[in-house]
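Observations on the model geometry
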Amino acid sequence: MPERIERSIEELYRDDPAKADAEVFGRETGPSRRGFLNGAGLAAMGAAVGGAIPFAANMPGGMIPAAMAQSSPAGMPPSASPAPASAAPKGPQYLKFPGKSDKLVVLGERPLVAETPENLLDDDTTPTDKLFVRNNGQTPEENKEPDKWKFVVDGEVNNKLELTLGELKAKYKPVTRRLVLECGGNGRSFFTPQARGNQWTNGGAGCSEWTGVRLADVLKAAGVKSSAVFSGHYGADPHLSGTGVTLSRGVPIKKLMDENNLIVWQLNGQPLPNIHGGPVRLMIPGWPGSVSAKWLNRIWIRDKIHDGPGMGATSYRVAIKPMVPGDKPDEKNFRDLESMPIRSIITSPANGTKLPAGTKEVKLRGAAWAGDLTVRQVDVSTDFGATWTSAKVEKPKNKYDWQRWTATVKLPSDGYFEIWTRGTDAKGTMQPHIAGNWNPQGYGGNPMHRVAVLVG
Amino acid sequence: MTYSHAIAAARLARLLLFVTIGIALSASVAVAQTFTPRDESPEEFPAGAGRDETFYTCTACHGFKLVAAQGMNRRQWDDSINWMMEKHRMPPLEAKERDAVLNYLEAAFPPRAPAGGGGFQNPFMKR
């Protein structure tokens, strides 16, 4: 007891949460991190917070109840009278973070997930402040010495590499590419019934300038063995529960070797910001963003399909044989989502734009992209798809760039109109009217984007 | 613990806000680029039996906003709890606790009526 008084509980937990648990409450944290409190410890903790702790067994080890902390971040009075039912903030919640647009829509704060409304993707190159954020774990501390950031390339290689960012910059030729980065769950909100996960509209995507070195050059130096089958990518972001790897996904060796993959340290000419995975991340364009590990610290070359967290079962996977929407999945019927599907969005006008009475013509701008493929065609309709007009689609600057498009549509009268866009990829696959191929976690949802305008 | 005991205990549990190690650690070093999530409280979410227990069970790792953004039936919520245990390191719940949590999730966040528009919402409709 005396020791505990000398050092605050907060300090103890800060220094070594597991030890603090043991010291303060006699709680042993097992490998599963179940916060087992023995009877005495539970009573001690209960007494300290002034009441019994329901579900104490669920309280992950190493967590200090804020009621006991010296300075409660919430600063909530303990007996605050309950707000009326359902007082959750209505409408979108906007991001407040230095260096990020306050028009990004927050899907979650823990972990931090924020999407870019389609009309904010109107720049040819997505500025850093408008690029979406998808963190899967805790956001690591900002690194103060980026050039000392270290990562390894190991496994099925002849020379295991251990490289600092400084060495990476010095040894390999840098390249800059404009590349689409897209969350694997982009479009999830369009599924019916609702699919589980962050409810992205089309805003889990952006196309910025990325600077780094070719992953293929680094792999050449490592000497990938013929036994290599798959990769596993690791980052430094801690798991939300406090221990272990947050996410580790990978790609087949063929995709890994693609010359368009980069190990990057710059975004739009500036050092890669921490929340975007800086100092160093992977960019494996065209596939779900989760393979482009942020805070990169390891590329493991494997002799079998990677089995890290986020691989297998229904994670980042789609049904092979179409399943009944909403049913329990048969996990054997799933394959990895690889190339992202074709998607076209209208970036101007914004959904909900009011146009002056008598407006007869609207100029449209947009963007389209299609995973590993290019976009062959973009069409637009103002009559719910009864008739279509082709847009003028620009060429990509480089492979995996998006393609900007423009079109002008005529409106016959005042009133309510919906403008729809439908992209077609190089293989002729078009966007559907609704999100098809339902799967429990909602991957591959790419129905046509629609915006409503009101004339007069 | 009986169910009514659990409810009474849950009221007291409002005293608790579980702070993850990460937040506890990051609080010690003020860094401009570290994002600090806003604290949530159970009262922000639909009232109902088991709300507080569910809130505290499901916010040890992530925000409740993620939970509240879903609309699922009981079987899907049940599958989701299994998923949390199998994939995301959630400790198992006792049968009674699990039932209380499922009752709340089922009642508060049922499948949303199909919008028909596949997620599209008419921005001009008067509400």
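Computed from a predicted structure; not experimentally measured.

Time to look at the overall build of chain A. Each helix and strand in chain A was counted, giving 7 helices and 26 strands. Of all 456 residues assigned to chain A, the portion counted as buried reaches 57%. Accessible surface, chain A as shown: approximately 18700 Å² in total, 54% of it carbon and sulfur.

Turning our eyes to something else, we now look at helix H5 (residues 74–87) of chain B. All names here are of chain B. Here H5 spans 19 Å end to end across 14 residues, near enough to the 20 Å set by a 1.5 Å rise per residue. Taken together, the buried positions of H5 are occupied by Gln76, Trp77, Asp79, Ser80, Ile81 and Trp83. The N-terminus of H5 is capped by asparagine 73, whose side-chain oxygen sits 3.2 Å from the backbone nitrogen of arginine 75. After H5 finishes, the residue arginine 89 shows a positive phi value of roughly 65 degrees.

This part takes up the sheet that holds strand E5 (residues 112–115) of chain A. Residues and elements named next belong to chain A. Ordered by their spatial adjacency, 3 strands build an open sheet running E4-E5-E6, and the pairing between neighbours is antiparallel. Both outer strands of the open sheet, strand E4 (105–109) and strand E6 (133–134), are each paired with one neighbouring strand and no more. Pairing geometry for E4 and E5, over 4 bridges, is antiparallel. By the bridge assignment for E5, valine 106 is matched with alanine 114.

Under the definition given, this model contains 29 salt bridges over all chains. One salt bridge in this structure joins glutamate 142 of chain A and lysine 144 of chain A, with 4.0 Å as the shortest N-O distance. Across the salt bridge formed by arginine 38 of chain B and glutamate 44 of chain B, the nearest N and O atoms sit 3.3 Å from each other. Under the relative-accessibility criterion, arginine 38 of chain B is labelled partly exposed at 37%. Several salt bridges share partner residues, and in doing so they unite Asp122, Asp124, Arg365 and Arg404 of chain A into one network.

In this section: the packing of aromatic side chains. All names here are of chain B. Applying the stated criterion across every chain yields a total of 14 aromatic pairs over all chains. Here the aromatic rings of phenylalanine 45 and phenylalanine 55 are separated by 6.2 Å at their centres, their planes lie at 35 degrees, and the arrangement is tilted. Of this pair, phenylalanine 45 sits in the loop between helix H2 (21–28) and helix H3 (51–58) while phenylalanine 55 sits in helix H3, and the two are 10 residues apart along the sequence. Here phenylalanine 45 falls in the buried class, since its relative accessible area comes to 5%. Assessed through its relative accessible area of 3%, phenylalanine 55 is described here as buried.

Another point: the nonpolar core. All names here are of chain A. Formed by 30 residues in total, the largest nonpolar core has its most connected members in Val153, Leu168, Val218, Ile263 and Ile301. Listed by contribution, the elements that provide at least two residues to this core are strand E7 (150–155), strand E8 (161–164), helix H5 (165–171), helix H6 (215–222), helix H7 (253–256), strand E12 (262–267) and strand E15 (296–302). Counting residues per element, this core draws most heavily on H6, which supplies 4 residues. Setting aside its immediate chain neighbours within four residues, valine 153 contacts Asn159, Lys160, Leu161, Val218, Leu219, Ala222, Ile299 and Ile301. Counting 20 residues, the second largest nonpolar core, distinct from the first, contains Ala368, Val375, Ala391 and Ile419.

What follows concerns the packing of H3 of chain B against helix H6 (residues 95–108) of chain B. Residues and elements named next belong to chain B. Relative to each other, H3 and H6 sit at 105 degrees, their axes nearing to 8 Å. Looking at the two axes, H3 sits roughly perpendicular to H6. Residues Arg51, Thr54 and Thr57 of H3 touch H6, and the partners they reach there are Ala100, Val101, Tyr104 and Leu105.

Turning next to the pairing of strand E25 (residues 415–425) of chain A. Residue and element names in this part refer to chain A. Where burial is concerned, most of E25 is hidden: 9 out of the 11 residues are buried. Looking at chain direction, strand E21 (residues 375–381) and E25 are connected through 6 bridges and run antiparallel. Note that in E25 the partner of valine 378 across the bridge is glycine 423. For E25 and strand E26 (residues 449–455), the ladder comprises 7 bridges, and the chain directions are antiparallel. Within E26, the residue paired with tryptophan 420 across the bridge is arginine 450.

Every α-helix winds through 3.6 residues per turn, so residues three or four apart in the chain are directed the same way. Compared with the 20 Å implied by 1.5 Å per residue over 14 residues, the 20 Å span of H6 of chain B between its first and last C-alpha is a close match. Of all the positions in H6 of chain B, only Glu97, Arg98, Ala100, Val101, Leu102, Tyr104, Leu105 and Ala108 of chain B are classed as buried.

Rules used in this analysis
- Residues numbered from 1 in each chain as written.
- Chains lettered and ligands numbered in written order.
- Predicted model: local features only at pLDDT ≥ 70, side-chain atom pairs only at ≥ 80, totals over all residues.
- Heavy atoms only, no water.
- Helix = DSSP H or I, 4+ residues; strand = E, 2+ residues; numbered from the N terminus.
- Buried < 20%, exposed > 50% of the residue type's maximum accessible area, 1.4 Å probe, protein only.
- Areas by Shrake-Rupley, 256 points an atom, 1.4 Å probe, with all protein chains shown as cover.
- Expected span 1.5 Å × (residues − 1).
- Polar contact = N/O pair within 3.5 Å; in protein donor to acceptor, adjacent residues only side chain to side chain.
- Pairing = 2+ DSSP bridges.
- Salt bridge = Lys/Arg side-chain N within 4 Å of Asp/Glu carboxyl O.
- Phe/Tyr/Trp six-rings, centres within 6.5 Å; stacked < 30°, edge-to-face > 60°.
- Core = buried A, V, L, I, M, F, W, Y, C linked by side-chain atoms within 4.5 Å.
- Contact = heavy atoms within 4.5 Å.
- Axes fitted to C-alpha atoms, helices over the stretch in contact; angles between N-to-C directions.
- Parallel < 35°, antiparallel > 145°, perpendicular 65-115°, else oblique.

These figures capture arrangement, not role.
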